[in-house]
Amino acid sequence: MRLQRFPIRSLIALVLACSKISWISAQSPLPYDVVYSWKKIDFQFKSPEHKTEAIKSGEYIPEIATASGIKVSGDRIFITVARWRAGAPASLAYVPYNRTMGPQPMKEPLLIPYPSWEFNEGGNCAVLQYAQSMEIDQFSRMWVIDAGRRNIFDKSPDNKCPPKLLLLDLKTDQVIHSHEFPAEVVGRTSNFLNDLVVGCTSEKNCMVYISDSVDAKIIAFDFSTDKSWFVQHPSMKADPDALKFTILGTNYTFDIAVNGIALSNKDRNFDTVYYCSLSGVDVYSVAVATIKQAGASKQPGVQLKDSDVTHIGKKDSQSDGMTIDANGIMYYGDIGHNAIKSWNTNEGKMTDANQKIVAQNDNDLQWVDTFSIDTDGHMFVTPSRLHRHFTDTLDFSDTNFRVVRFFINSENYMYSKMDPLT
Ligand SMILES: *[C@@H]1O[C@H](CO)[C@@H](O)[C@H](O)[C@H]1NC(C)=O
Ligand SMILES: *[C@@H]1O[C@H](CO)[C@@H](O)[C@H](O)[C@H]1NC(C)=O
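We now turn to the structure provided with this report. (Residues numbered from 1 in each chain as written. Chains lettered and ligands numbered in written order. Predicted model: local features only at pLDDT ≥ 70, side-chain atom pairs only at ≥ 80, totals over all residues. Heavy atoms only, no water.)

## Focus: the state of the cysteines
Considering all chains together, one arrives at two disulfides under this definition. In this model, cysteine 125 is linked to cysteine 161 through a disulfide, with the two sulfur atoms separated by 2.1 Å. A torsion of -80° about the S-S bond marks the disulfide between cysteine 125 and cysteine 161 as left-handed. One end of the pair, cysteine 125, is in the loop between strand S6 (112-113) and strand S7 (134-136); the other, cysteine 161, is in the loop between strand S8 (141-146) and strand S9 (164-169), and 36 residues separate them in sequence. The class for cysteine 161 is buried, based on a relative accessible area of 1%. Here cysteine 200 pairs with cysteine 206 through a disulfide, and the sulfurs are 2.2 Å apart. Because the torsion about its S-S bond is 110°, the bridge between cysteine 200 and cysteine 206 counts as right-handed. (Disulfide = S-S within 2.5 Å. Helix = DSSP H or I, 4+ residues; strand = E, 2+ residues; numbered from the N terminus. Buried < 20%, exposed > 50% of the residue type's maximum accessible area, 1.4 Å probe, protein only.)

Here it is, written out as structure tokens:
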């Protein structure tokens, strides 16, 4: 089925892409399916009264709720709803996923709060406050970063709750570990825990690396010792020369620090962390050995030396999330061109010649946000039109949020390229 469909769709995509854009080089983009789409994000409330009440109290503002993070596992697609501004009634949710579904899109599925409505209760510090992102490891466990803070881009953010890292078992939907970050490691009134990567060599031996997009640092967590610390370097800040985003002819200004983060794959022993600022076009890396060494210091954080950081290369424009697959291919958005690019990390350095276009579409791929790779060979992406969200220019009669699926015939970085798809 897939093999029959592939060449024709790929050819059509290539012709379309070539007719539209001049900067494309001779590479064939991958076909994709828009498997879910929404004009506005809505939830599966407990009852009609629950929804009415949530709208009345301002807990749910349909024009504010924004799908952002994505991770796929089995028959669920998990989605985060950012609590940048008041109006997101739950921050972590899922929609059902049929692993054998065809390319026909499912329109406007309701988001089901995960693991429950209660666990997403704002102002209750015992539960999740604001998850920008999560990651699912090879043991079917979900690592969720909770900034603790809510409505962080409102005039008066709610800083009542401490930031934490939660570990949930997807088999039982129970929280199996919670790590509260010390205030010296993650700021209580300033942090923007944004994205994370996880490298586990066994169920207990896991390292987690998290980007903090306001305090411009990378936080490390060692599960075996339940300890966290941070590393910092000027390369993690927003680049003053890359604050301007030009999307479909409109200029936007965003000043956001380190955001995209990726970990080298299992076959490279999870030995390198790659990162880039949202307001930036440069990709950098730091050795995991260097981050671990910083964790041995008595300080809550360490300022990295310039020699600890490697400049990997420059992208065509800014990107949000990025990820690496089992073969060592890095995927990332090219926000300025409504595109997705890829680069083989085994090449060492990123050049203009070795970055490939995976897909480009001015309508479907505006602001490619977060990536997920499942165990069936699919990559999922959430183009979220964040430039329109942040400037209050979304058109709610149009489709604004999508889950887009590609067949890349590979698993994520936690698996070896020798591992079979399951
Ligand atoms: C999943 O999708 C396939 C193909 O469209 C369909 O045959 C099957 O019934 C679906 N399964 C479920 C559980 O909906
Ligand atoms: C956007 O920025 C570019 C480069 O600085 C400038 O040439 C262009 O006029 C700007 N566009 C608008 C619509 O302001």
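## As for the environment of isoleucine 312
With respect to the element layout, isoleucine 312 can be found in strand S21 (residues 309-314). Here isoleucine 312 falls in the buried class, since its relative accessible area comes to 5%. Note: C-alpha distance between isoleucine 312 and threonine 351 (39 residues apart in sequence) is 8.7 Å. Apart from residues no more than four positions distant in its own chain, isoleucine 312 is found in contact with Tyr274, Val283, Tyr284, Ser285, Trp343, Gly348, Lys349 and Met350. (Contact = heavy atoms within 4.5 Å.)

## Description of the site of ligand 2
Every residue near ligand 2 is listed here: Lys244, Gly249 and Asn251. At 2.4 Å, a side-chain N or O of lysine 244 approaches an oxygen atom of ligand 2. At 2.5 Å from an oxygen atom of ligand 2 is found a side-chain nitrogen or oxygen belonging to asparagine 251. (Near = heavy atom within 4 Å. Polar contact = N/O pair within 3.5 Å; in protein donor to acceptor, adjacent residues only side chain to side chain.)

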